[in-house]
Amino acid sequence: MATHDYVIDNQASANARADINNVLQAILTNNSGSSAPSTTAANMLWYDTSNNELKMRDEADSGWIVIAYLDQTNDRMQVRSDVIQAASAGGIDVKDSSGTTIIDLQVASKATSEAGTNNTELMTPLRTKQAITENAQTFGWKDVGTYALGYFNGGTLTTTEGDTVAGTILYPLNFYGNQDLSLGSEGVLGAYSAIYRSNPAFGSGTWRRMGPNSGNASTAGRVALYLRIS
């Protein structure tokens, strides 16, 4: 415990010397100890060794303000505060030991969020929405990431779910069915049959089969949903 009442009493010279050394030791160690100093004053520092926290007495001398947590194992300081405020309008940067900014604690601008290249500024829900809206993709027929019903026309049927297939042996599909008008003016569609266009094939890219085959080379087994992956 390195604390003192900060009063040098009238005493013999040897005792006065020891008392002065004690008060200087308290100052040198920020009044370090496992319990608060018994004598306090406004803006006084105390290093709480029980909790590894550096504290300052408030100006009313009525309580302690936690300034920081000191990681004694890794020699690091952690800020303990409900509010972090920049000292200037320049904002707050979190930097690594070489001085490189890791995080810039300011909200990214709309343009920055939409560009999607900055890796230090913060994103809010609004900026996230704006970035998604700006960068939303519009898919066309046979673009990478789109799905299509395809007919495998590559000879012996060997593909099953998850397999990749060249677009040159896949053909677009259409469906037709018979309408049963005996059930009313609207009717219902009867059994469907799939038909495929022999020309043109998907033509390009690599597609992933998204469903199983029937185990044989029948028309039904050759029909599946495909996802273009490249």
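The coordinates are above.
First, a word on what this report is: a plain description of the structure on this page. (Residues numbered from 1 in each chain as written. Predicted model: local features only at pLDDT ≥ 70, side-chain atom pairs only at ≥ 80, totals over all residues. Heavy atoms only, no water.)

**What to know about the packing of aromatic side chains**
- Scanning the model with the defined rule gives 3 aromatic pairs in all.
- An angle of 90° between the planes, with centres 5.6 Å apart, marks the rings of tryptophan 141 and phenylalanine 202 as edge-to-face. In this pair, tryptophan 141 is assigned in the loop between helix H3 (125-134) and strand S8 (147-152) and phenylalanine 202 in the loop between strand S11 (188-196) and strand S12 (206-209), connecting sequence segments 61 residues apart.
- Through successive ring pairs, a cluster of aromatic residues spans Trp141, Phe202 and Trp207. (Phe/Tyr/Trp six-rings, centres within 6.5 Å; stacked < 30°, edge-to-face > 60°. Helix = DSSP H or I, 4+ residues; strand = E, 2+ residues; numbered from the N terminus.)

**Focus on the sheet that holds strand S5 (residues 93-95)**
- Ordered by their spatial adjacency, 3 strands build an open sheet running S5-S6-S7, and the pairing between neighbours is mixed. The outermost strands of the open sheet, each flanked by one partner alone, are S5 and strand S7 (121-122).
- Sheet topology places S5 next to strand S6 (residues 101-107); 3 bridges connect them, and they run antiparallel. When the sheet's bridge partners are listed, valine 94 is paired in S6 with isoleucine 103. (Pairing = 2+ DSSP bridges.)

**Quick notes on the nonpolar core**
- Ala148, Phe152, Leu157, Val165, Leu170, Phe202, Trp207, Ala224 and Tyr226 together form the largest nonpolar core, which totals 9 residues.
- Those elements giving two or more residues to this core turn out to be S8 and strand S13 (223-228).
- Residue contacts for tryptophan 207: discarding those within four places in its chain leaves Lys142, Thr146, Ala148, Asp163, Thr164, Val165, Gly167, Leu170, Phe202, Tyr226, Leu227 and Arg228.
- Counting residues in each nonpolar core, the second largest holds 5 residues, with Tyr151, Leu173, Ala201 and Val223 among its members. (Core = buried A, V, L, I, M, F, W, Y, C linked by side-chain atoms within 4.5 Å. Buried < 20%, exposed > 50% of the residue type's maximum accessible area, 1.4 Å probe, protein only. Contact = heavy atoms within 4.5 Å.)

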